[in-house]
Amino acid sequence: MVWECSLFADGLCEGVLTQILLLQLMREKRKWASEETSLRALESLMTEFFHDCTTNERKREIEELLNNFAQQVGAWRFCLYFLSSTRNDYVMMYSLTVFENLINKMWLGVPSQDKMEIRGCLPKLLLAHHKTFPSFVRNKLCKVIVDIGRQDWPMFYHDFFTNILQLIQSPVTTPLGLIMLKTTSEELACPREDLSVARKEELRKLLLDQVQTVLGLLTGILESVWDKHSVTAATPPPSPTSGESGDLLSNLLQSPSSAKLLNQPIPILDVESEYICSLALECLAHLFSWIPLSASITPSLLTTIFHFARFGCDIRARKMASVNGSSQNCVLGQERGRLGVLAMSCINELMSKNCVPMEFEEYLLRMFQQTFYLLQKITKDNNAHTVKSRLEELDESYIEKFTDFLRLFVSVHLRRIESYSQFPVVEFLTLLFKYTFHQPTHEGYFSCLDIWTLFLDYLTSKIKSRLGDKEAVLNRYEDALVLLLTEVLNRIQFRYNQAQLEELDDETLDDDQQTEWQRYLRQSLEVVAKVMELLPTHAFSTLFPVLQDNLDVYLGLQQFIVTSGSGHRLNITAENDCRRLHCSLRDLSSLLQAVGRLAEYFTGDMFAARFNDALTVVERLVKVTLYGSQIKLYNIETAVPSVLKPDLIDVHAQSLAALQAYSHWLAQYCSEAHRQNTQQFVTLISTTMDAVTPLISTKVQDKLLLSACHLLVSLATTVRPIFLISIPSVQKVFNRITDASAQRLVDKAQVLVCRALSNILLLPCANLSESEQQWPMRSVNHANLIFALSRDYRNLKPSAVAAQRKMPLDDTKVIIHQTLSVLEDIVESVSGESTKSRQICYQSLQESVQVSLALFPAYIHQSDVTDEMLSFFLTLFRGLRVQMGVPFTEQIIQTFLNMFTREQLAESILHEGSTGCRVVEKFLKILQVVVQEPGQVFKPFLPSIISLSMEQVYPIIAERPSPDVKAELFELLFRILHHNWRYFFKSTVLASVQRGAAEEQMENEPQFSAIMQAFGQSFLQPDIHLFKQNLFYLETLNTKQKLYHKKIFRTTMLFQFVNVLLQVLVHKSHDLLQEEIGIAIYNMASVDFDGFFAAFLPEFLTGCDGVDANQKNVLGRNFKMDRDLPSFTQNVHRLVNDLQYYRLCNDSLPPGTVKL
């Protein structure tokens, strides 16, 4: 061969190999080495590199040697010899990596004679050794050859694709040709950024020109294998009773011939044929991922793919393989299943395309018909097989692909297909139902529930858009929906589904902070809720009797309670009875959650129509909660305490949670009851409070305590009956919370109860006039409540703290934490309410607020305390700043500004870790609220706030890589600009009319420039979240205030920002934000397109390193002067791509290359 003669023509390369690569040869002091010696030395070096005993330092040495060798001119000649002569996998992979590096990074500088030699040698090498090379080496070699095609086809490598087609057509090399075809599709259809945009477009067009030929070849291969192995003549037709082609099948398939075709037995393929078919299907799957739907995808190709999809549901072949026992037969069975998986992958690639040409819709219908034939085959039930055991025997990947198909059908194509009279949607739902409820795995079942959710969403939106046809649509699907509802409810009950439900993990939390059991229940209840929305009467009449059955068991437990020495005991001890009780309690807990989930469908416009049903539910829930609280089931001893006690607690907690879900219904009932003055409503609320109050105790388990607290908060906040405070049980809670000697509840419960009591006194009741609200009495009560809650806190006198603390610091911190957490929550809950509510709240809090401000300086170096105090002040500023009044608010701001000196800020940010940073962030959040305040009240603070931000905070954080504090600082700067624009740009309507288009008067220019400079600097930092936030802020300022049009920005900053954003795109540091950056560049450039095209773009290109003058001219010419957004951003991304490509090319040229 030619290349062997000139293997050592390059003396430099030989010297490098001798000097650098092969240490062994250096020891022998030889000036050059024979091919054989070089190869043996390299093998030794590679083996040493991958040996377990080789140190990392030695590996680095070897790696450096190998890298240096790969960079040398002519190194590829050695690698060509190594590839043809070695059997060492490491050496082969290294040699191919040298070629890969040469082609992708240095190809432009390789002499044309060498290129021609490489293009000739590598395919010959592949052809000679493709059967003996390991598969990973063969595939790598294929990719290297395709990389050459990516660079040189068709100009310099005109027979690249022709050779692939010839390989496919020759029976001996068909597998090799198919591997080359798939690699070509992967590498050329969507190439990486190391090609120019023009070349990418050229390659795509070249490939599209070949699509029809390629699809024809692949169809021919699959058809010929099928026909060759088919034995239809020797196979008797299916028996009339076999159920293969019943009425449903006739409906799904247009013609009897289609059904007959799909009923042909599946052929038994030899190993070689299966391998070829799997490669062909892999090629099709990748081709379908990028080629458009067109006539090139013929009916015969689709039919053939469906033939192979049947391999996935061919249980008979899999069973034969396992019965015959040999490992080869088992592999054969798996391979047949894999053919089905690959065929379904092809189908799903076509299914995922939302844009379907009119002429392809008929093909689509045929695809659905054929796939649903497979669905019927999978779900067919006969004596020998249940559907579930059939699904269990199928390949798990095949089931996943099939489920993906069904999801795509419902989410993308159902609206298109439903109108076809020959497609029976209801029959399809019947098959989907069987498929869903016989899934062998929980994940499979979850995926199917997702499909039903998509279908129910589709149905709901269809009904909303066609209200006139509502009854007709519902009638069509009613039976299917009722069946679905019943089965989903059965699936969440231990009574019907114990074995499966006990497999679910109810302890380990997933990424969404829920257990497998909680996820199962939540997804099931979402389906129940969506059916309820469509068929409320059916849903309620299905669910309520089931709930009632389990309630009867629970309410009947009282008769089994006996008194024992230590308290009360549940006298149910038989193992079977305990198990049945456990199942019933678990089911009751689930059904209570279901009833709670449906609460929204009884309110609003449906309130009157469904009032009686809702009242029945609420009365039952109130009865159940009262029952549980009165007989204290949560404290009862049981025969199996580890199981039954948690069950009893959970039922009690869920009954409270379900009742809480009806708080909006109760609020609507409250407004109705006010007009009718009904006693029924008062009784409901009073009884509920009788059920809740006993649970607000330190002796009750946290789960139950918190459920009771949440219900109390909902009654106080959502329902708001005026008589709530006068209920004796509520007054008991009030007395307990304000009693200094009572034991404090756990933090979360304490906060919730205090919020509830505060809201009872502060929130206005619906449908009552101001005079009926009883404000004076409520105001006094609220002041007493806050006075009691803050008693210990107010006693922390600043003077005492400063001089010497009478109590330990840790105890003081506990008091501050406990009090401020409660007070902050009370303020937050009232922040969106009426002025009167906020006035009363602030009057009650006033002394505590003043104490907080006085305490603040004493704790400035205790970052954990400062954090809580600032959190409290932030909530005050957001909710009660009007009520605090201007003088006191100014005092607070001034105190903070005085305390946060540069030294204090540096200490917090640099030395106190995350807590210190949180303190500064809270301080900046308070300043954000201040600068947003309309009017002139706080304007005098603006210079100080800007000075603090830019001269004290910004210098500390600017160069820190950590994102801490930065986001809050830039939000503050944005708020300063957005809400105080006239601080920088003085403009009046009269002045703007008089001056016409003249510029607005600029004030405080140095501060404005400094802020803009800070924004510009932030785009040079790696934090992508900060980048996205600040880009959004600039775009918002432009939208609202025309920032980019202002003279100062336009003349001194505009193109600096454009330059920075373009550099970010070129350096690919924030690729996830490509679209947003492109739009921002357009918005900036559109202020002065002429300047952009005539001045900025040439200047930008002139300053670009790594490209020559000619390349810069090409880049400039290719940037069309389009002024619409899509074209302009496309030009920007083309410029960026081609600039990267030219730099890559130039880096690959050897030193001293003359570029023409």
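Residues numbered from 1 in each chain as written. Predicted model: local features only at pLDDT ≥ 70, side-chain atom pairs only at ≥ 80, totals over all residues. Heavy atoms only, no water.

Go over the overall build of the protein chain, please, and point to the residues and values.
From N to C terminus, the protein chain includes 56 helices and 4 strands. Burial statistics for the protein chain: of 1156 residues in total, 54% are counted as buried. In the protein chain, the proportion of contacts linking residues at least 24 apart, taken out of those at least 6 apart, comes to 75%. (Helix = DSSP H or I, 4+ residues; strand = E, 2+ residues; numbered from the N terminus. Buried < 20%, exposed > 50% of the residue type's maximum accessible area, 1.4 Å probe, protein only. Contact = heavy atoms within 4.5 Å.)

Talk me through the pattern of salt bridges; I want residue IDs and the actual numbers.
Under the definition given, this model contains 38 salt bridges. Where arginine 40 meets glutamate 43, a salt bridge forms, and the shortest distance between an N and an O atom there is 2.7 Å. Note that arginine 40 and glutamate 43 are positioned in helix H4 (residues 35–49) at a spacing of 3 residues, about one turn of the helix. Classification of arginine 40 as partly exposed rests on a relative accessible area of 37%. (Salt bridge = Lys/Arg side-chain N within 4 Å of Asp/Glu carboxyl O.)

Please set out the packing of helix H11 (residues 174–188) against helix H15 (residues 271–288) residue by residue, giving values where relevant.
Look at H11 against H15: their axes get within 9 Å of each other, and the N-to-C directions meet at 15°. One finds that H11 runs roughly parallel with respect to H15. In the packing of H11 onto H15, the handedness of the crossing is left-handed. Two secondary-structure elements touch here, H11 through Thr174, Pro175, Leu178, Ile179, Leu181, Lys182, Ser185 and Glu186 and H15 through Glu272, Tyr275, Ile276, Leu279, Ala280, Glu282, Cys283, His286 and Leu287. When grouped by side-chain class, the residues that make up the contact of H11 with H15 number 10 nonpolar, 3 polar and 4 charged. (Axes fitted to C-alpha atoms, helices over the stretch in contact; angles between N-to-C directions. Parallel < 35°, antiparallel > 145°, perpendicular 65-115°, else oblique. Left-handed = near helix turned anticlockwise from the far one by under 90°. Nonpolar A, V, L, I, M, F, W, Y, C, P; charged D, E, K, R; others polar.)

A description of the side chain of threonine 54 should follow, citing residues and the corresponding values.
Secondary-structure assignment places threonine 54 in the loop between H4 and helix H5 (56–70). Judged by its relative accessible area of 13%, threonine 54 falls in the buried class. Here glutamate 48 takes part through its backbone oxygen, which lies 2.3 Å from a polar atom of the side chain of threonine 54. Apart from the residues within four sequence positions on either side, threonine 54 is in contact with Glu48, Phe49 and Lys59. (Polar contact = N/O pair within 3.5 Å; in protein donor to acceptor, adjacent residues only side chain to side chain.)

I'd like to hear about the packing of aromatic side chains, residue by residue, with values.
Counted by the stated rule, this structure contains 74 aromatic pairs. Between the aromatic rings of tryptophan 153 and phenylalanine 161, the centroid separation amounts to 5.5 Å while the plane-to-plane angle is 20°, which identifies the pairing as stacked. Across the pair, exposure class does not vary: tryptophan 153 and phenylalanine 161 are buried alike. A centroid spacing of 4.7 Å and a plane angle of 55° characterise the contact between phenylalanine 433 and phenylalanine 437, whose relative ring orientation is tilted. No difference in accessibility class separates phenylalanine 433 from phenylalanine 437, as the two residues are buried. Through a chain of ring-to-ring contacts, three or more aromatic side chains come together here, namely Phe1055, Tyr1082, Phe1089, Phe1092, Phe1093, Phe1096, Phe1100, Phe1119 and Phe1128. For arginine 794, the ring lying beneath its charged end belongs to phenylalanine 787, and the centroid distance is 3.8 Å. Between the NZ or CZ atom of lysine 1046 and the centre of the ring of phenylalanine 985, over which it lies, the distance is 5.5 Å. (Phe/Tyr/Trp six-rings, centres within 6.5 Å; stacked < 30°, edge-to-face > 60°. Lys NZ or Arg CZ within 6 Å of the ring centre and 35° of its normal.)

Just give me the short version of the environment of leucine 615, but keep the residues and values in it.
Tracing the backbone shows leucine 615 in helix H29 (residues 611–630). We classify leucine 615 as buried; its relative accessible area is 9%. Considering only alpha carbons, one finds leucine 615 and phenylalanine 602, 13 residues apart in sequence, at a separation of 9.7 Å. Excluding residues within four positions of it along the chain, leucine 615 makes contact with Trp665, Tyr669, Gln680 and Leu684.

A description of the packing of helix H39 (residues 809–830) against helix H40 (residues 835–855) should follow, citing residues and the corresponding values.
Across the interface, H39 lies against H40 with an axial gap of 11 Å and an inter-helix angle of 150°. Between H39 and H40, the interaxial angle falls into the category roughly antiparallel. Relative to H40, H39 is oriented so that their crossing is left-handed. In this structure, H39 uses Leu820, Leu823, Ile826, Val827 and Val830 to contact H40, whose residues at the interface are Ser837, Arg838, Cys841, Leu845, Ser848 and Ser852. Residues that form the contact of H39 with H40 fall into these classes: 7 nonpolar, 3 polar and 1 charged.

If you had to explain the nonpolar core to someone new, which residues and values would you point to?
Counting residues in hydrophobic clusters, the biggest one holds 395 residues, and the most contacted among them are Phe455 and Trp665. At 12 residues, helix H12 (residues 197–229) tops the list of elements feeding residues into this core. Beyond its immediate chain neighbours, meaning those up to four positions away, phenylalanine 455 contacts Val410, Leu414, Leu429, Tyr477 and Leu481. (Core = buried A, V, L, I, M, F, W, Y, C linked by side-chain atoms within 4.5 Å.)

Account for helix H9 (residues 135–152), with residues named and values stated.
The end-to-end C-alpha distance of H9 is 26 Å, a good match for the 26 Å that 18 residues give at a rise of 1.5 Å each. The buried fraction of H9 is high, at 14 of 18 residues. (Expected span 1.5 Å × (residues − 1).)

Go over unusual backbone geometry with me, naming the residues and quoting the values.
Omega for the peptide link from tryptophan 153 to proline 154 comes to 0°, which places this bond in the cis form. With respect to the element layout, proline 154 can be found in the loop between H9 and helix H10 (160–169). The phi angle at lysine 632 is positive, at roughly 50°, despite the residue not being glycine. Along the chain, lysine 632 turns up in the loop between H29 and helix H30 (641–661).

I'd like to hear about helix H33 (residues 702–719), residue by residue, with values.
At 3.6 residues per turn, the α-helix brings residues three or four places apart onto the same side. Between the first and last C-alpha of H33 there are 25 Å, a value that for 18 residues agrees with the 26 Å anticipated at 1.5 Å per step. Residues Leu704, Leu705, Ser707, Ala708, Cys709, Leu711, Leu712, Val713, Ser714, Leu715, Ala716 and Val719 constitute the buried set of H33. Once H33 finishes, arginine 720 follows within two positions and takes phi at roughly 55°, a positive value.

Hey, could you go over the confidence of the model for the protein chain for me, with residue numbers and the actual values?
Of all residues in the protein chain, 88% attain a pLDDT of 70 or more, and the chain-wide mean is 85. In the model, residues 319–331 has pLDDT below 50 throughout and makes 8 contacts with residues more than four positions away in sequence or in other chains. Confidence drops under pLDDT 50 across residues 800–804; counting only partners more than four residues distant or on other chains, this segment forms 5 contacts. (pLDDT = per-residue confidence, 0-100.)

Provide a residue-level description of the environment of proline 1126, including the pertinent values.
Along the chain, proline 1126 falls in helix H56 (residues 1125–1148). In this structure, the C-alpha to C-alpha distance between proline 1126 and tyrosine 1082, residues 44 residues apart in sequence, is 9.4 Å.

So what about the state of the cysteines? Which residues, and what values?
Evaluation of the coordinates by the stated rule reveals 0 disulfides. The thiol of cysteine 670 is not disulfide-bonded; the next cysteine sulfur, from cysteine 765, is found 7.2 Å away. With no disulfide of its own, cysteine 709 lies closest to cysteine 754 among cysteine sulfurs, the gap being 9.6 Å. (Disulfide = S-S within 2.5 Å.)

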